[in-house]
Amino acid sequence: MKHTAITISLCLLFMGCQSGKTQYYEKHLVFPEGATIEQKVDMASRLTPSQQQLEWQKLELTAFLHFGINTFTNREWGDGKEDPKLFNPTQLDAEQWARTLKEAGFKMVILTAKHHDGFCLWPTETTRHSVASSPWKEGKGDVVKELKEACDKYGLKFGVYLSPWDRNAACYGDSPEYNKFFVKQLTELLTNYGEIHEVWFDGACGEGPNGKKQVYDWDTFYKTIQQLQPNAVMAIMGDDVRWVGNEKGFGRETEWSATALVPGIYNRADSINKALGLRNKSEDLGSRDLLARANELFWYPSEVDVSIRPGWFYHSTEDNQVKSLAHLVDIYFESVGYNSVLLLNIPPDTRGLIHENDVQRLRELGEYIDRTFATDYSQDGNRKIVGKEGDSFEITMTENVPINTLMLQENIAEGQRIEEFTVEASINGVWETIAEGTTVGYKRLVRFNDIVADKLRVTINRTRADFSILRTGLFYASHIIDENSQAQENLFTPKSCLVGDKNAAEAIDGNVSTAVHENGLVPVLIDLGEIKEIKGFCYTPVAEGNTEGTIFRYNLYHSNDGKSWQNIVRNAEFSNIKNNPIPQFVTLDKPLKAKYLKLEPIEEINGNKLTSIADFGVMIP
Ligand code: FUL
């Protein structure tokens with residue numbers, strides 16, 4: 001008897017209907033004990049974003065601006081020991097940044113108010129390591145203020161990146177002290193600059209095994225944001241916006257905003273994510289298989305962050321490595337078109353301007369997106385379509401022209417539901433399958449070969465509950481011929497290479513898809529074959545597949561006889577190599593002449609005793 005009563009009330013709960021009204025779960029839900037997979041799928045279909053998350057998702061395009069002391073030291077990660085006097089942009093013009101970004105179609109701008117070096121772009125009261133100690137505007141400048149005013153002028157939303165990891169703050173590692181210091185910085189930023197719409201807390205921390213251990217007070221950080229900027233989302237180390245898991249610019253084809261991944265700010269995150277085998281990088285974050293094993297779900301949508309150049313900060317050597325239009329368009333389709341927000345980084349240069357090459361590429365990208373989506377060849381793109389699993393709907397063309405892109409948008413205010421769909425086209429009266437897909441979510445752009453069709457038919461083969469589509473569209477995206485971005489460095493191919501004792505021809509074959517993996521932290525010994533003038537070197541880590549053994553910290557030596565060695569670089573790091581495994585170009589302080597180089601690993605990215613290398617080149621004048 002008791003059992004029946006419980007069953008009836010559980011059924012009511014699972015059907016989500018109490019007195020005829022559908023029950024939704026905002027942002028988070030916990031499955032009742034004993035819930036079946038059908039019941040879990042049904043509840044998952046009614047998990048919805050918060051209002052802030054919904055508004056954030058609609059922005060689609062956000063610009064990231066990495067600017068700070070690293071811009072002037074030519075580094076990716078500063079160590080916090082830099083002289084603030086180095087910060088001296090000669091022509092800083094935040095309006096040029098805002099105008100360029102607005103014209104390219106961005107809706108929000110996020111500035112690195114403080115990166116890992118601890119240098120603050122606003123005159124904070126918390127530290128001397130800031131613009132106030134720099135010669136720029138005689139210490140009276142405030143980059144945050146200038147950019148916020150420019151964003152207001154151009155109608156852009158504004159967000160701040162505030163790195164929790166701080167290599168300058170003396171109190172870093174003294175957890176309560178640093179937490180107070182950090183909340184003070186956060187409070188200054190969230191109080192003195194008007195509305196802030198995204199607060200970006202980076203997850204990176206490169207402190208090695210003997211480094212400082214800081215326990216962050218996420219709860220207080222979170223409450224500070226809620227109290228001071230209730231419309232803001234808290235990203236990455238936050239529970240509103242999820243890092244997609246790579247810095248390459250590509251999202252997942254199957255992208256669930258309703259995920260089983262527990263955001264890192266919750267104490268239980270490590271243990272639950274480990275038990276479920278989940279990381280930000282995981283392919284699957286929300287399938288039915290995962291729902292079956294999970295006890296709770298989060299509305300935790302993906303943000304795809306990527307730089308327009310290889311690095312996040314400006315380096316003049318990368319002026320000719322601005323990503324091509326074709327590459328950026330692919331990134332757009334595989335981020336915005338894969339149910340994510342694209343966060344594209346454009347690093348202002350040492351003048352304090354967005355470099356001409358980036359301005360040009362952004363203009364091309366903006367024009368391409370505008371042109372592609374200006375004409376929708378479908379009739380009635382804005383009609384609302386609701387249906388059940390297995391239902392089909394047709395989209396009729398307005399004109400007899402080629403198309404190659406279908407846009408679908410689910411009404412995510414009621415949850416994300418579609419799991420599988422098929423697209424057919426009626427070409428000369430005959431139906432052909434032209435594409436298949438999985439999730440839709442906020443926006444799905446489906447690309448297919450150019451066709452001229454009378455109409456398309458979309459069948460929703462699998463859905464978690466009745467589906468609800470807000471928008472469909474048919475477009476033609478013109479094909480772009482890619483011109484390769486050129487690396488500026490002149491790389492010399494060594495004669496031979498030993499990794500440990502092993503002859504490692506794959507490490508110098510110029511082919512980054514062949515790699516050498518060795519046990520132990522073993523030296524990479526390079527024989528140039530003759531004495532050469534050396535400007536620097538390039539270590540290319542393994543970027544795909546088994547990335548174990550990637551070197552993080554290293555020493556570098558040179559020699560003319562391969563026996564007596566002189567140290568050139570001591571305890572240096574390949575900053576950010578773990579998340580962004582791109583070729584690491586290292587320019588020596590002074591060029592030198594040598595026949596041999598030795599790269600000695602001190603620390604691997606995950607603290608393992610392994611060494612790997614995809615390629616090694618020597619920079620010559
Ligand atoms: C990473 C950082 O370490 C990089 O320097 C950069 O800021 C990127 C967006 O996030 O984790």
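Everything below is about the structure printed above this text.
Please read all numbers here as calculations on a predicted model, not as lab measurements.

What about the overall build of the chain?
Assigned secondary structure in the chain consists of 12 helices and 33 strands. For the chain, the C-alpha radius of gyration of 26 Å lies close to 25 Å, the compact-globule estimate for 621 residues. Summarising its shape, the C-alpha atoms of the chain cover approximately 80 × 60 × 55 Å along the three principal directions. Summarising the internal contacts of the chain: among those between residues at least 6 apart in sequence, 78% fall at separations of at least 24.

A short note on the site of the ligand
If you check the shell around the ligand, you find 13 residues, and the closest are His66, His115, His116, Tyr161 and Asp202. Broken down by class, the residue content of the shell around the ligand amounts to five nonpolar, five polar and three charged.

Some thoughts on the packing of helix H11 (residues 325–333) against helix H12 (residues 356–374)
Viewed as axis vectors pointing N to C, H11 and H12 meet at an angle of 50°, and their least axial separation amounts to 10 Å. The pairing of H11 with H12 is recorded here as oblique in orientation. Two packed elements cross with a definite hand, and for H11 against H12 that hand is right-handed. For the pair H11 and H12, contact is made by Leu325, Leu328, Val329, Tyr332 and Phe333 and by Arg361, Glu364, Leu365, Tyr368, Ile369 and Phe373, respectively.

Some words on the packing of helix H7 (residues 175–192) against helix H8 (residues 218–228)
The contact between H7 and H8 brings their axes to 10 Å, and the two run at 20°. Put simply, H7 runs roughly parallel to H8. The interaxial crossing formed by H7 with H8 has right-handed handedness. Of H8, the residues touching H7 (which contributes Asn179, Phe182, Val183, Leu186, Thr187, Leu190 and Thr191) are Thr220, Phe221, Thr224, Ile225 and Leu228.

A closer look at the packing of aromatic side chains
A complete count under the given rule lists 34 aromatic pairs for this structure. Ring geometry for phenylalanine 72 versus phenylalanine 87: centroids 5.1 Å apart, planes at 65°, classification edge-to-face. With a gap of 15 residues between them, phenylalanine 72 in helix H4 (residues 69–73) and phenylalanine 87 in the loop between H4 and helix H5 (94–103) connect regions that are remote in the sequence. A ring pair is formed by phenylalanine 537 and phenylalanine 616, whose centres lie 5.4 Å apart and whose planes are at 5°; its orientation type is stacked.

Section: the sheet that holds strand E14 (residues 302–307)
Strand order in this open sheet of eight strands is E10-E9-E8-E7-E6-E15-E14-E11, and the pairing throughout is parallel. Each edge of the open sheet is held by one strand with a lone partner, namely strand E10 (233–236) and strand E11 (242–243). Relative to E10, strand E9 (residues 198–201) is paired through four bridges, and the arrangement is parallel. Within E10, the position partnered with valine 199 by the bridge is methionine 234.

Scoring rules and cut-offs
Residues numbered from 1 in each chain as written. Predicted model: local features only at pLDDT ≥ 70, side-chain atom pairs only at ≥ 80, totals over all residues. Heavy atoms only, no water. Helix = DSSP H or I, 4+ residues; strand = E, 2+ residues; numbered from the N terminus. Rg over C-alpha atoms; globule rule 2.2 N^0.38 Å. Contact = heavy atoms within 4.5 Å. Near = heavy atom within 4 Å. Nonpolar A, V, L, I, M, F, W, Y, C, P; charged D, E, K, R; others polar. Axes fitted to C-alpha atoms, helices over the stretch in contact; angles between N-to-C directions. Parallel < 35°, antiparallel > 145°, perpendicular 65-115°, else oblique. Left-handed = near helix turned anticlockwise from the far one by under 90°. Phe/Tyr/Trp six-rings, centres within 6.5 Å; stacked < 30°, edge-to-face > 60°. Pairing = 2+ DSSP bridges.

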